[in-house]
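# Chain and residue survey
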Amino acid sequence: MTATDLVRVERLSADYRDGAGWRPVLRDVSLTIRAGEVLGLAGESGSGKSTLAALLLGETMPERRIRAGHVRFGGIDLFAAPRDTVQALRGRRIGFVPQNGGASLTPTMRIGGLLRSLLRHHRPELSSRDVGVRAERVLAEVGIPDPPAALRRFPHQFSGGQQQRIALALALACEPDLLVLDEPTTGQDAVIRQAMLALLRAIRRERHLSILFVTHDLATLAQLCDRAAVMYQGEIVETGPAPDVIERPSHTYTRKLMAALPRMDDAALADRVAAQ
Ligand SMILES: Nc1ncnc2c1ncn2[C@@H]1O[C@H](COP(=O)(O)OP(=O)(O)O)[C@@H](O)[C@H]1O
Ligand SMILES: [Mg+2]
């Protein structure tokens, strides 16, 4: 482990309960995320991306078991450390936007209540005035207009794209070292997708954080990520600098993923990679 590795997944294998037995979902997965790096995790639906994302947060559940391996965050072994140590990391040092994150906002709480309770929980040293200032500032950072008014509104009073940005604001509020984004651009139209990618590029410029960006779309990955890892049936089949993986895929499966994309000529792809 080098000094700059923030996350280290070591030979991780995990299973889901299947009737009386267990079914493998991750097989011998190893990857690292360095400080300040954006890693794209691509793969078709069902390949195990969301499971790996959840395990980076140290999430446990009765229907899932770790069969082998480790996940280390800043040197802490997430499945060996006390539960309260891991819970304290989540939301504080690791921000997470789940798949359909906008829809997962607690519907009965105002945006201000959501942000303030998170900040009070993880940053008890902040005065109530500072909590308010930070809540407004992070909403402005993700591009929500009129933050003081937005804090008084409920999630359903925002569009789907804005709800997604609010979920991102919650993930960023406590200034995490790692942001885990599970398909933040899936199911959105091209305009909203491009706006979200522009926002994520601005966030990585302004803040020194690492990002795990989960997507099934390699073209989107190319616009944001430094490195890419490709998953297929629970295994990482390819990993390397994002432009190399996308332009010169070495694994047959990555080539198939590329071939499934809408056609984009090489010059346009190179421009997009260069523009990141
Ligand atoms: N809670 C669960 N219980 C049982 N099987 C699950 C559960 N969540 C996911 N799976 C299965 O694990 C595999 C990987 O799922 P997932 O990690 O969601 O993949 P992806 O995010 O790449 O679509 C799939 O076969 C899925 O059906
Ligand atoms: Mg998923």
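This structure is a prediction, so every number in the text was calculated from the model and none was measured.

With that settled, consider the pairing of strand β8 (residues 210–215). The buried fraction of β8 is high, at 6 of 6 residues. Side chains S210, L212 and V214 of β8 all project onto a buried face; the interleaved residues I211, F213 and T215 project onto the opposite face, where all are buried too. With 5 bridges connecting them, strand β3 (residues 38–42) and β8 associate as parallel partners. Bridging across to β8, L39 finds its partner in L212. Relative to β8, strand β7 (residues 178–182) runs parallel, the two sharing 5 bridges.

This brings us to helix α4 (residues 128–141). Taking 1.5 Å as the rise per residue, α4 with 14 residues should run 20 Å; its terminal C-alpha atoms sit 20 Å apart, in good agreement. Within the span of α4, buried status applies to V131, R134, A135, V138 and L139. All buried residues of α4 project into a common sector of 130° when viewed along the axis, lining one side. The secondary structure elements touched by the buried residues of α4 are α3 (111–122), α5 (147–150) and α6 (160–172). Positive phi shows up at G143, right after α4, with a value of about 85°.

Taken together, S50 (OG) and Q99 (OE1) make up the full set of protein donors to the magnesium ion (ligand 2), lying 2.1 to 2.5 Å away. One end of the pair, S50, is in helix α1 (residues 49–56); the other, Q99, is in the loop between β6 (94–97) and α3, and 49 residues separate them in sequence. Judged by its relative accessible area of 32%, S50 is partly exposed.

In this section: the sheet that holds strand β10 (residues 235–241). Across the sheet, which stays open at both edges, the 6 strands sit in the order β6-β7-β8-β3-β9-β10 with mixed pairing between neighbours. Each end of this open sheet is capped by a strand with a single partner; those strands are β6 and β10. In this sheet, adjacent strand axes meet at a mean angle of 15° when their direction is disregarded. Strands β3, β6, β7, β8 and β9 (227–232) of the sheet are contacted by α1, whose axis makes an angle of about 155° with β8. Packed onto the sheet, α6 meets β6 and β7 and runs at close to 165° relative to β6.

Right, let's talk about the environment of I66 for a bit. If you trace the backbone, I66 turns up in strand β4 (residues 64–73). Along the primary structure I66 and L26 are separated by 40 residues, whereas in three dimensions their C-alpha atoms are 9.1 Å apart. Leave out the neighbours within four places in its chain, and I66 touches L12, S13, A14, L55 and F79.

Right, let's get into unusual backbone geometry. Positive phi, normally seen in glycine, also occurs at N100, with a value near 55°. Along the chain, N100 turns up in the loop between β6 and α3. Positive phi values are uncommon outside glycine, yet E183 reaches one of about 50°. You can call E183 buried: its relative accessible area is 8%.

Two elements in contact, α6 and helix α7 (residues 190–206), have axes whose closest approach is 11 Å; the angle formed by their N-to-C orientations is 20°. Overall, the two elements α6 and α7 adopt an arrangement that is roughly parallel. The hand of the α6/α7 crossing is right-handed. Of the residues in α7, those touching α6 at G161, Q164, R165, L168 and L172 are I192, A195, M196, L199, L200 and I203. Across the contact of α6 with α7, the residue classes break down as 8 nonpolar, 2 polar and 1 charged.

This next bit is on the confidence of the model for the chain. Predicted coordinates in areas of low pLDDT are best not read in detail. Across the chain, the average pLDDT comes to 90, with 93% of residues at 70 or higher. Helix α11 (residues 266–275) is the least confidently modelled element of the chain, averaging 51 in pLDDT, while α5 averages 98, the highest of any element. Overall, residues 263–267 carries pLDDT values under 50, and its contacts beyond four positions in sequence, including any with other chains, amount to 3 contacts.

Within the element layout of this structure, R34 appears in strand β2 (residues 21–34). When its relative accessible area of 37% is taken as the criterion, R34 is described as partly exposed. On a C-alpha basis, the gap between R34 and I192 in space is 28 Å, while along the polypeptide they are 158 residues apart. With near-sequence residues (within four places) excluded, R34 lies in contact with T4, D5, L6, S210 and R227.

How each quantity is defined
Residues numbered from 1 in each chain as written. Chains lettered and ligands numbered in written order. Predicted model: local features only at pLDDT ≥ 70, side-chain atom pairs only at ≥ 80, totals over all residues. Heavy atoms only, no water. Buried < 20%, exposed > 50% of the residue type's maximum accessible area, 1.4 Å probe, protein only. Helix = DSSP H or I, 4+ residues; strand = E, 2+ residues; numbered from the N terminus. Pairing = 2+ DSSP bridges. Expected span 1.5 Å × (residues − 1). Arc of directions from axis to C-beta. Contact = heavy atoms within 4.5 Å. Donors = N, O, S within 2.8 Å, 3.2 Å for Na, K, Ca; no water. Axes fitted to C-alpha atoms, helices over the stretch in contact; angles between N-to-C directions. Parallel < 35°, antiparallel > 145°, perpendicular 65-115°, else oblique. Left-handed = near helix turned anticlockwise from the far one by under 90°. Nonpolar A, V, L, I, M, F, W, Y, C, P; charged D, E, K, R; others polar. pLDDT = per-residue confidence, 0-100.

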